[in-house]
Structures are given as structure tokens and as C-alpha cells.
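# Descriptive structure summary
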Amino acid sequence: MPNSVENIRSKMAYSDLRSKIIAITERDMPEKSIIERKAYADAAYFLMNAVCIDKDDLFAGRLERCNFMNIYPTGMKEEIDNLLNRDYAQNKKYSCMLTAEEIGLLTRAPSAHTVPAYDQLIQEGIQNRISRVQKHMADCDGERRDYYVAELVVLGAMQKRILRYAEEAGKRYKVCGNKRFKQIQDACNQIAYYAPSSFYEALQLILLAHEHILAESGSGSISFGRFDQYLYPFYVKDLNAGKIAKEAAQEMITAFWKKIAEYEMGWQNVTLGGSDQSGRDMCNDLTIFCLNASLAVRGDQPQVSLRVHKNMPEYVWKKAFELIQTGMGFPELYNDEVAVKAKINAGISEEDAWNYSIVGCVELTAGGKEYSHTEGARINWQKILELMLNEGKCQITGLGWQLAETYALDEIKDFQQFYEWYKRELKHFTKFVCRFIDALSQQYGIYWPVPFMSSMMEGCIEKGRDVTNCGTIYNNLTLDSVGIATVADSLEAIETLVFKEKCITLKELAIILSNDFLGYEPIREKMLECPKYGNDISSVDYKVRDLTELFVDTLSDEPVMYSGGVFQAGFYTSYFHATMGKQTGASPDGRKSGEALSPSLSPTAGMDKYGPTAVINSATRMNMEHYSNGMVLDLKLMANFFRQEKYQRIIQILIEEYFARGGLELQFNTLDRETLLAAQKEPWKYKNLVVRVSGFSAYFVALEESLQNEIMRRTEHQIA
């Protein structure tokens, strides 16, 4: 390590420390490859960052946000600029996407989102992993050798940091005699080299590996996979040997949850339950302990996903309902049957598909084996419609966008002609975005490798390739969507008011929208009264089905050139329905300029009028077996329903029917509007209030106002 790195220690904030180390490493090691420089910088940060163990800690480790300058690109502009170094023609071709981002037509937040192979790590241990690297390194050179050097550097640094934790715990034990410190010391001395020998040690190793990955990536959405499955053998072994009691195991998992909760708004997902290929239930004691931990900690992290199947035990249903009624939005529920089919349809083997887990918000993944840039790009479907109605001009910024086709609005004679034009524009832009993110994603292995994360992904060591350079088993790309119900409802209003009732013309509609309905309130009321998705009305529901199928089919036809993988479709919005809504003008469904768009594959907030059954009828008109990057359906029910046994059974039947009819995911909000209004007015009184957004849970007071308002507008359904 360069001496100059050693001189910048301690007093600066750790995020600043990270940036400084990277800058010095790049200056002092110009002869090294990028991946080696990245590894040395990571190692310096791991070794110089303080190791802190608080007096009440059951585990060593601290999860913290790092400045990600020079870790990943700071934005799309940096990615496009880097194309100049490789392909000027592509750079010129795709520079227009900066305008697409500025007008809210597209957003992009790739990288990081994955489930490391923590299950393999706790079976193998660090030293055995190092030995594998050394074996593969023995007879190679060039880029593969650079990769192996980088792996040895970061894995060696992890060992040393774990030993530093052991040393610190030993010092604390000598001072106060607290046996917790002795337990941490002994565990860290073991796992620095060898595989864990106990349930506690397995948890400690996972936590410290997670700490390292977060520090390297500068990002959240690093998730834990099937936590209750891969830890269960350690638990059973200790339980049978009399080394642990159930109460102690619960305490350990709750302490682990508290550590994860330190990294707020981190999208760190834990997957629980599920069945095997024969339909046998896989829930166990740890499934319940994890749900109990969420009840005890009440943090926004970790996100909790429960795999549901036909034979899931009643005691798991009851515990899930107990957690749901808190209003935190945990657990989100997944249909094993549909999720497995979706992953198989994305090229995942049947065995790996049955072992699927959730990464980040709701993205389905083959844990430890898949790296798919799950936030590769998100397309604003309503923005396309806005541009069509305004000759390619954004109503917010005034900037222009080149549509695939141009028509004078008064030339369009019927709705079908307009609708087919919209579909061609959606398809054209989707194909263009596929080629765009394919070109950009090739750069990550060159400029932004992640050697430590790569050491935790299957296949990378064998191939000698970073995970960002197609190192793991499955290397796909993804496109997600925003404003699905908004655009379907808008198209329904156009069909009804312009072409059926002939209340207005398309040109008049464009003027009304450009004025944000000012002076046109009566026609806005008509728009709001038009049929809306989520009410079991076939005309608008079929528009959603038609457009989602078009999107999926378009992605299926586009090859991923750089990795040989596939493009996956996602129908969840996270918080982007609010942020991109700010960039979107008024829409024909009656939505005003700047308001949030519809969330995920859910109805527009407040527009589902006929109860949860109608919502489910609308949603299950879609074929979700190709939604391999996940989807979200939000339902808002009174918390009281989840507390009463007679209502629990009704809700369980509702969920089971939704899944039997092909539903993929379902999540609940149970906090009433009055509570949320109070939290918005007096946030200091509600700082620990966690709500479900659209694919993730978060502290309500930390959300921006437009997102808070969208959540409050959602229909609060009653159970008949």
C-alpha cells in the first residue's frame, strides 16, 4: 500500500476518507489495472476505517453509507461520456438520452442490486475461498490474473479487518469482563480463516461480509437471499447439541435485524419461507424468528419477503398477519408458482428458479448466481403520451423529443389509429432503451469493477471475471415501467371523450392539458369519471394487459449483446412514480401536472372504487409469468382486519385466490389516513412510523411530500 495512503487516516469522515484513498491510489499506482487499483483502494479503506463495538452489541460490524464517487458513475452523463473512449458513434447516438432523463421520459440506476452467495460463504469460509483463487491464478495471465490479484487483496483485507474486530473485542472483554465481547472475539478469530462452526458465527460472518460489500459498492439493495433456509442447518446442529436454546437464537436474529436497520432506506431484502419443487413446505423456526425480529425492531430495514405456496402452514399465516397489521408493509407476499415460472422464462434453470429470492424492492433473482442491473432503466409510459399530444414537446421543461412518427392531431380519425400510434411509440422507445443500456452496461467491468462483491458471487472465481463483466452464472439486463395505470386510464378517457362521446377533439385536449385544466374543470370532472383500471372494467383492464404484453414481447425479441443474457421486464415503481410524476404534465385521466403517477401495477391512488376483489380481478387479467424482474400490487386495508380471526380468514382466501389466478406479488398498507396526516403535520412525533411505498417500506416522515400524498390518496378498502 502506498505510504501516502497511511498518512490520511482518522479525523476525516469515512466517506471522505474513501474518496481520498481512491484518488491517492489512482495517482500512486498508475501501472496497475483498474480492478487492481479498486481492490487496493477498497483494502485500504477496510483496514483504515475504525472498528467499533458498542457495549450492547451482540455482533461486530457497522453498516454505513460511503461516498460513491469513483465507485460507480455519478450519473448517466458520466456513462455516456465514457462511450467517447470506446465508440464515438454510440456516444453521439445516445447523447439524446440525457434529454430523455431531463424531461422525465427515462431514469436509470443500475449496478449493485444483487443477492451475494452468503449461503456458500458460510459453508466454505474465507481461507478456502482464497485457496480457490490461488489455484485458478497459478496458470493464467493478463486480465484474468489482474482479477485474481484483486480478489486476493480484498479477501486478505477482509481477514485482517475481522481480526481487528477480534482484537478490539478482546480489549473490551479485558476491561469489563462482559461475555458478549468474548463471544465476538472467539467468533471473529474463527471466521477470519475458517467456516463458521456455529449459528452465531454464521450470522457474524454474513454481517461482516455485508459490511464490506456495502462499503465497496456505495449502494444499498444488497440483499440476503433465503435467510431462513441456509442458516437453518447451523441452528439445528446447535439446537440438537444443546449449544443454543430457541430463545437465544431469537435474540441473535433480533440483534442481527438491529444491525441491518442501521442502514436506513437501504433496500436490503430478506426472503423467507417457500416450498421445494415437490411442494413441501420449507418454513421453519427461523422463519418465525425473523418475522418476530421485524415486530421487535420496527425499522425500515431489512425488507421482508415471504414466499407463499399452497401448503404454507396456518401458524406462518398468523404471524405474517400479525406483522402486516403494524402498518410497516412487511412481509410482502410472493406466489412461488408464478415466480418460479417467471424465472424459468428468463433462462434460469429450474433448480435455481425454485431457489429464487428477492433483491432490493421486489426483483426476483437467482441468489448468488444472477447479476442483472435490476434498475437498468425505467420508462415513463405517460410521458410518451404527453409528447404525442404536443408534437414531441415536454410540457414541464419545454424541451423537444424526436418521436418515431409524427401526426397532426386533427388527422387522426378514430381511437384505434391513435392507440396503434401510441403502441408503436412505446415499442420504438423500448427497443432504443434496450440498445442504450446494453451499450452502457458493457462499461462496468472496465471502469467500475467490484472485486469484493465478485468474490461473493458464484462463477466469478472460476471464470476469472468480475461480476460486472459477466462473471457470474446469469447475466441479464432489465427495463422497468412507470405510470401504467395512468396511461391506460388516459387512453380510456381519450377513447370515451374524444372518439365516443365527441366532447372534445384531440387538439382541444392538448390545450386543456397544457393549461393544467385551468378554466376547464367540468371536462376534468368528466375525465375523472371515465372508467379506471382496478375496478374490474374490461375495457381499461385490457388496455393494461395489451400494453404490458407488448412491453414484455418487445424485450423478449431484443438480444443482450454484451452478455448473451435476456432483457427482463419489471412492473414496480419504488418511489419513481412520484419523482417522475413531477416531470410529467397533466394527463387525460384527470391527473394534474406534477402529481404522482400510478404506482407499479396498481391502480391510480383513490381510483379503485369497488373493493379489493375488483382490484384483484383487474390485476389478474395480466399474465405475470414473464415478469421476471418483479411487480407490485398494493392494497390498503384497515389494520383491524388483520387482528380479528374472522377477517384474517377472509383476507387469506383473498390472497390465495389472487395467487391461484396468476398473481405474482401482493403487499398491504394498513395505516389510516388520519395517522398519516398527523405524521405529515407533526413529523417529529412520528419519526419511527414505517409505511409501505410501492415495492419497499420506509419511514413516512423521510419521504418527500408528493410521495406522502400519493400514499394517503390510496383507497382504504373495507371487507364486506
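A short tour of the structure in this document, coming up. (Residues numbered from 1 in each chain as written. Predicted model: local features only at pLDDT ≥ 70, side-chain atom pairs only at ≥ 80, totals over all residues. Heavy atoms only, no water.)

### Quick look at helix 25 (residues 506-514)
- Among all positions of helix 25, only L506, L509, A510, I512 and L513 are buried. When helix 25 is viewed along its axis, its buried side chains cluster within an angular range of 165° and face the same direction.
- At the exit of helix 25 stands D516, carrying a positive phi of roughly 50°. (Buried < 20%, exposed > 50% of the residue type's maximum accessible area, 1.4 Å probe, protein only. Helix = DSSP H or I, 4+ residues; strand = E, 2+ residues; numbered from the N terminus. Arc of directions from axis to C-beta.)

### A word on the pattern of salt bridges
- As enumerated under the stated definition, the model contains 36 salt bridges in all.
- Here R129 and E124 are joined by a salt bridge, their closest N and O atoms 2.9 Å apart.
- The residue R378 makes a salt bridge to D480 at a minimum N-O spacing of 3.6 Å. Here D480 lies in strand 9 (residues 477-482) and R378 lies in strand 8 (residues 378-380), a separation of 102 residues in the sequence.
- The exposure class of R378 is buried, given its relative accessible area of 0%.
- Residue D480 is classed as buried on the basis of its relative accessible area, which comes to 0%.
- Linked by salt bridges that have partners in common, E124, R129, R132 and E462 make up one network. (Salt bridge = Lys/Arg side-chain N within 4 Å of Asp/Glu carboxyl O.)

### Looking at the pairing of strand 3 (residues 269-273)
- Most of strand 3 is tucked away: five of the five residues are buried.
- Bridge count for strand 2 (residues 225-226) against strand 3 is two bridges, and the pairing is parallel. Residue pairing for strand 3: R226 is matched across the bridge by T271.
- Bridging between strand 3 and strand 4 (residues 303-308) involves five bridges; their strand directions are parallel. Bridge assignment links L272 to a residue of strand 4, and that residue is L306.
- Viewed along the sheet, the connection from strand 3 through helix 15 (residues 285-297) into strand 4 turns out right-handed. (Pairing = 2+ DSSP bridges. Right-handed = clockwise from strand over helix to strand, strands pointing away.)

### Some remarks on the sheet that holds strand 9
- Read across the sheet, four strands follow the order 1-8-9-10 without closing on themselves; strand pairing throughout is mixed. Of all strands in the sheet, those bounded by a partner on one side alone are strand 1 (106-107) and strand 10 (567-570).
- One ladder, built from two bridges, connects strand 1 with strand 8; its direction is antiparallel. Each bridged residue has a counterpart across the sheet, and for L106 the counterpart in strand 8 is I379.

### Considerations on the packing of aromatic side chains
- Within this structure, the stated rule accounts for 32 aromatic pairs.
- Centre to centre, the rings of F59 and Y200 are 4.9 Å apart; their planes meet at 15°, and the pair counts as stacked. Within this pair, whereas F59 is found in the loop between helix 3 (34-48) and helix 4 (76-82), its partner Y200 is found in helix 11 (residues 199-217), the two being separated by 141 residues in sequence.
- Given the relative accessible area of 5%, Y200 is considered buried.
- An angle of 40° between the planes, with centres 5.8 Å apart, marks the rings of W317 and F321 as tilted. In this pair, W317 and F321 both sit in helix 16 (residues 314-324), four residues apart, roughly one turn of the helix. (Phe/Tyr/Trp six-rings, centres within 6.5 Å; stacked < 30°, edge-to-face > 60°.)

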